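# Descriptive structure summary
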Amino acid sequence: QVQPVESGGGLVQAGGSLRLSCAASGRYAMGWFRQAPGKERDVVAAINWNGNGVYYVDSVKGRFTISRDNTKNTVYLQMNSLKSEDTAVYYCGVRTTDYELGFTRREYNYWGQGIQVTVSS
C-alpha cells in the first residue's frame, strides 16, 4: 500500500525547528506540500526516488532539508529557522508515475492526511 502517513508536526516558536516524517511503501519520487487557509496547496520540497535529486521552493532554501531513508521507506523534512509564514497544513505526496522530481500537485497521485505546523511569533 502506497498511502503515505505523516508525523511530526506541532506548535513551535519562531526560530525553532521541527522534523516531519512521511512513511510510504515503495521507492518513488516524493514531495512535501503545504496549504495555508485560503491558499493553494503548493510544493515546498521534492526528492527523487534515490535521493540524488532534490528541489526547494525559494522561500525555504537554506532553512529546510528534504531527505529519505529507503531502508525505512521514509522521507523527512527538517525545518529550521521557522517563520510565522511557514504556518500551514503540510502534506506528503507520492508520485508513482515517475521516479524523478515532481513540482506540481497534479504530478502526485497519493497523499497523506495532512499535518498541522504552527509557528508562533
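The present account deals with the structure reproduced in this document. Quick caveat, the model's predicted, so the values are computed rather than measured.

## Considering the overall build of the protein chain
- In terms of helices and strands, the protein chain carries zero helices and eleven strands.
- Put simply, the protein chain runs from its N terminus to its C terminus through helices and strands in the order β-β-β-β-β-β-β-β-β-β-β.
- Taken against the 2.2 N^0.38 rule, which gives 14 Å for 121 residues, the C-alpha radius of gyration of the protein chain at 13 Å falls within 12% of a compact globule.
- When its C-alpha atoms are laid out on the principal axes, the protein chain stretches across 40 × 30 × 25 Å.
- For the protein chain, the residues scored as buried account for 45% of the 121 residues in total.

## Brief notes about the pattern of salt bridges
- Scanning the entire structure with this criterion turns up four salt bridges.
- A salt bridge links Asp-58 to Lys-61; its shortest N-O distance comes to 3.0 Å.
- Asp-86 is the partner of Arg-63 in a salt bridge, and the nearest nitrogen-oxygen pair spans 2.8 Å. Here Arg-63, found in the loop between β6 (54-56) and β7 (64-69), pairs with Asp-86, found in the loop between β8 (74-79) and β9 (88-95); they are 23 residues apart in sequence, far enough to count as distant.
- With a relative accessible area of 11%, Arg-63 lands in the buried category.

## Overview of the pairing of strand β3 (residues 18-23)
- As defined by bridge partners, strand β1 (residues 5-7) adjoins β3 across three bridges and the pair is classed as antiparallel. Looking at the pairing, Ser-7 lines up with Ser-21 of β3.
- In terms of strand pairing, β3 meets β8 through six bridges, oriented antiparallel. Residue pairing for β8: Ala-23 is matched across the bridge by Thr-74.

What counts as what
Residues numbered from 1 in each chain as written. Predicted model: local features only at pLDDT ≥ 70, side-chain atom pairs only at ≥ 80, totals over all residues. Heavy atoms only, no water. Helix = DSSP H or I, 4+ residues; strand = E, 2+ residues; numbered from the N terminus. Rg over C-alpha atoms; globule rule 2.2 N^0.38 Å. Buried < 20%, exposed > 50% of the residue type's maximum accessible area, 1.4 Å probe, protein only. Salt bridge = Lys/Arg side-chain N within 4 Å of Asp/Glu carboxyl O. Pairing = 2+ DSSP bridges.

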